[in-house]
Amino acid sequence: MMSTTEQSIAVPDDLESPQAKLVYLTLLVTDEATVTDLQQLLGLSKLTLLPILTSLTSKNLVRRTDAGYASH
């Protein structure tokens, strides 16, 4: 019998925008992604992604890395 473990992923309460939640969860799952990676994965434009990433960074939910963005 195989056992499976479930990982609980919580979205911070102060993230109201569905797109911000999507970006946050994507970074949790991928560990690190560039804006181009996020564009391709989520189908969002850079004009949409950049303010979201700025907001997530200012809330200390994600951080800039040499390669892009990563979850904390």
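Note that this is a predicted model, so its numbers are computed, not measured.

**Some thoughts on helix α2 (residues 35-42)**
- Within α2, burial applies to Val35, Leu38 and Leu42. Down the axis, α2 shows its buried residues gathered within 60 degrees of arc, on one side only. More than 90 degrees from the buried face of α2, the exposed residues found are Gln40 and Leu41.
- Buried residues along α2 sit in contact with α1 (18-30), β1 (32-33), α3 (46-58) and β3 (69-71).
- Directly beyond the C-terminal end of α2, a positive phi value near 70 degrees is found at Gly43.

**Brief notes about the environment of Thr36**
- Relative to the helices and strands, Thr36 resides in helix α2.
- What makes Thr36 partly exposed here is its relative accessible area of 36%.
- Put simply, Thr36 and Lys46 are ten residues apart on the chain and 7.9 Å apart in space, counted from C-alpha to C-alpha.

**Some details on the environment of Thr34**
- Along the polypeptide, Thr34 turns up in the loop between β1 and α2.
- Using a relative accessible area of 25% as the deciding quantity, one classes Thr34 as partly exposed.
- Residues Thr34 and Gly68, 34 residues apart in the sequence, show an inter-C-alpha distance of 4.1 Å.
- The contact partners of Thr34, leaving out residues within four places of it in the chain, are Ala67 and Gly68.

**Considering the packing of α1 against α2**
- Close contact between α1 and α2 brings their axes to 11 Å; oriented N to C, the two are set at 110 degrees. By the criterion of interaxial angle, the relationship of α1 to α2 is roughly perpendicular. Facing α1, whose interface residues are Leu22, Val23, Thr26, Leu27 and Thr30, α2 presents Leu38, Leu41 and Leu42.
- The residue makeup of the contact of α1 with α2, split by class, is six nonpolar, two polar and no charged.

**Some words on the sheet that holds β3**
- The antiparallel open sheet is built from three strands, whose spatial order is β1-β3-β2. The outermost strands of the open sheet, each flanked by one partner alone, are β1 and β2 (62-64).
- Bridge count for β1 against β3 is two bridges, and the pairing is antiparallel. Looking at β3, one finds that Ala33 is bridged to Tyr69.

Definitions and cut-offs
- Residues numbered from 1 in each chain as written.
- Predicted model: local features only at pLDDT ≥ 70, side-chain atom pairs only at ≥ 80, totals over all residues.
- Heavy atoms only, no water.
- Buried < 20%, exposed > 50% of the residue type's maximum accessible area, 1.4 Å probe, protein only.
- Helix = DSSP H or I, 4+ residues; strand = E, 2+ residues; numbered from the N terminus.
- Arc of directions from axis to C-beta.
- Contact = heavy atoms within 4.5 Å.
- Axes fitted to C-alpha atoms, helices over the stretch in contact; angles between N-to-C directions.
- Parallel < 35°, antiparallel > 145°, perpendicular 65-115°, else oblique.
- Nonpolar A, V, L, I, M, F, W, Y, C, P; charged D, E, K, R; others polar.
- Pairing = 2+ DSSP bridges.

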